[in-house]
Amino acid sequence: MSYSLKVGHLYGDLMNTYGDIGNILVLKHLAKEMGVELDDEVVSLDQPFDKDKYDIVIFGGGQDFEQSIISKDIQTKKTDLIDFIEDGGSMVAICGGYQLLGHYYIGANGEKLEGIGALDHYTEKQENHRFIGDVLIENQETGEKYRGFENHQGITFLGEGERPLGNVLEGYGNNGEDKTEGAIYKNVYCTYFHGPILARNNQIAKHVLMNALSRKYPDADLTTQKETSSFRNILKIKPNKKAFDIKV
Ligand code: GLN
């Protein structure tokens, strides 16, 4: 049996300010180690989002100007994106992408940009201030620690059904107040960590790949310990030294 995954890089031509495309390279590398073929394509302005075509969506971060354009266009993709998420589709949304999955984002100039409300958070503005610096968080369910770098003026407050990606140990996180960072809803992982976060946080990449594979191949026994192929071994989340033990 051959396994394949398709990544939709949402607004990859506009929302890639911090090298978020690196996340796709990481997914490609890890998928290859598993024997899974993974390819990607950009879905941008004036293009429909085909919810049945993609297994994983990457939605990067960006600046207020790009967000103001996307805020309008993404309304045309809203229903399909919500269906994809509700159906268990996997997604990684970073900074500006994370904000636009929620109800709204107030830009630095006070302009209110509509999100799609796929997730129940909202993002207010800070007064002439940004949260910038290194962040260390801990996921409450797995105990996994994730590291990143944040640079955002928006402050996000989580809503119904969302749990944080982690609790803040160092840095600011969602809003500098409630010690939450990022959000998890169904198979969607959101964060303020910049850029190619999956390179620093391989555990998140593994969750994303596992979620996507088990959705696409529900009958495959992805956790068996008996299989010896590298595909099965890695899917068991037995860290493959080369792929997962990256020290930062
Ligand atoms: N423009 C948004 C903000 O400043 C998002 C920034 C980002 O993607 N890092 O909050």
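Anyway, here's the lowdown on the structure attached to this text. (Residues numbered from 1 in each chain as written. Predicted model: local features only at pLDDT ≥ 70, side-chain atom pairs only at ≥ 80, totals over all residues. Heavy atoms only, no water.)

In terms of helices and strands, the protein carries 8 helices and 14 strands. Counting only residues that meet the buried cut, the protein has 54% of its 248 residues in that class. A sequence separation of at least 24 residues applies to 68% of the contacts in the protein between residues at least 6 apart. Accessible area for the protein stands at about 10900 Å²; split by element, carbon and sulfur atoms hold 47% of it. (Helix = DSSP H or I, 4+ residues; strand = E, 2+ residues; numbered from the N terminus. Buried < 20%, exposed > 50% of the residue type's maximum accessible area, 1.4 Å probe, protein only. Contact = heavy atoms within 4.5 Å. Areas by Shrake-Rupley, 256 points an atom, 1.4 Å probe, with all protein chains shown as cover.)

Let us now look at the pattern of salt bridges. Summed over the entire model, instances satisfying the criterion amount to 11 salt bridges. Across the pair Lys28 and Asp40 runs a salt bridge, and its minimum N-O distance is 2.7 Å. Within this pair, whereas Lys28 is found in helix H1 (residues 22-34), its partner Asp40 is found in strand E2 (residues 36-43), the two being separated by 12 residues in sequence. On the accessibility criterion, Lys28 (32% relative accessible area) is partly exposed. Salt bridges here are not isolated pairs; linked through shared partners, they connect Lys6, Asp39, Glu41 and Lys53. (Salt bridge = Lys/Arg side-chain N within 4 Å of Asp/Glu carboxyl O.)

Our focus in this paragraph is the site of the ligand. Taken together, 15 residues lie near the ligand, and Asp64, Gln67, Cys95, Gly96 and Gly154 sit nearest. One of the backbone N or O atoms of Gly62 is found 3.0 Å from an oxygen atom in the ligand. Summarising the interface, the protein chains cover 99% of the accessible area of the ligand, which totals 300 Å² for the free molecule. The set of elements that each furnish at least two residues to the shell around the ligand consists of helix H2 (64-73), helix H4 (96-101) and strand E9 (145-152). Considered class by class, the residues forming the shell around the ligand number 3 nonpolar, 10 polar and 2 charged. (Near = heavy atom within 4 Å. Polar contact = N/O pair within 3.5 Å; in protein donor to acceptor, adjacent residues only side chain to side chain. Nonpolar A, V, L, I, M, F, W, Y, C, P; charged D, E, K, R; others polar.)

Strand order in the open sheet formed by 6 strands is E2-E1-E3-E4-E14-E13, and the pairing between neighbours is mixed. What marks the edges here is a single partner per strand, and that holds for E2 and strand E13 (183-185). Shown here is a sheet whose adjacent strand axes are inclined to one another by a mean of 15°, direction ignored. One ladder, built from 4 bridges, connects strand E4 (residues 90-94) with strand E14 (residues 188-191); its direction is parallel. The residue of E14 that forms the bridge with Met91 is Val188. Most of the contacts of helix H3 (residues 78-86) go to E4, to which it runs at about 120°, and overall it touches strand E1 (3-10), strand E3 (56-59), E4, E13 and E14. Running over the sheet, helix H6 (residues 202-216) touches E1, E2, E3, E4 and E14 and is turned about 115° from E1. (Pairing = 2+ DSSP bridges. Axes fitted to C-alpha atoms, helices over the stretch in contact; angles between N-to-C directions.)

In this section: the sheet that holds strand E12 (residues 180-181). What the 4 strands build is an open sheet, ordered E9-E8-E11-E12; its pairing is antiparallel. A single partner strand is all that each edge strand has here, and the edge strands are E9 and E12. Here strand E11 (residues 166-170) pairs with E12 via 2 bridges, running antiparallel. When the bridges of E12 are listed, Gly166 appears paired with Glu181.

Side chains Ile56 and Ile58 project from E3 onto one buried face, and the interleaved Val57 and Phe59 project onto a second face that is buried too. Note that E1 and E3 share 4 bridges and pair parallel. From the neighbouring strand, Val7 faces E3, where its bridge partner is Ile56. Taken together, the 4 bridges between E3 and E4 define a ladder with parallel strand orientation. The residue of E4 that forms the bridge with Val57 is Met91.

Our next topic: the packing of aromatic side chains. Within the structure shown, the criterion is met by 8 aromatic pairs. Here Tyr122 and Phe157 contribute two aromatic rings whose centre-to-centre distance is 5.6 Å and whose plane-to-plane angle is 25°, an arrangement assigned as stacked. One end of the pair, Tyr122, is in strand E7 (residues 122-124); the other, Phe157, is in strand E10 (residues 155-157), and 35 residues separate them in sequence. Judged by its relative accessible area of 17%, Phe157 is buried. Among the aromatic residues, those joined into a ring-pair cluster are Phe49, Tyr54 and Phe84. Taking the ring centre of Tyr104 as reference, the NZ or CZ of Lys112 above it sits at 4.4 Å. (Phe/Tyr/Trp six-rings, centres within 6.5 Å; stacked < 30°, edge-to-face > 60°. Lys NZ or Arg CZ within 6 Å of the ring centre and 35° of its normal.)

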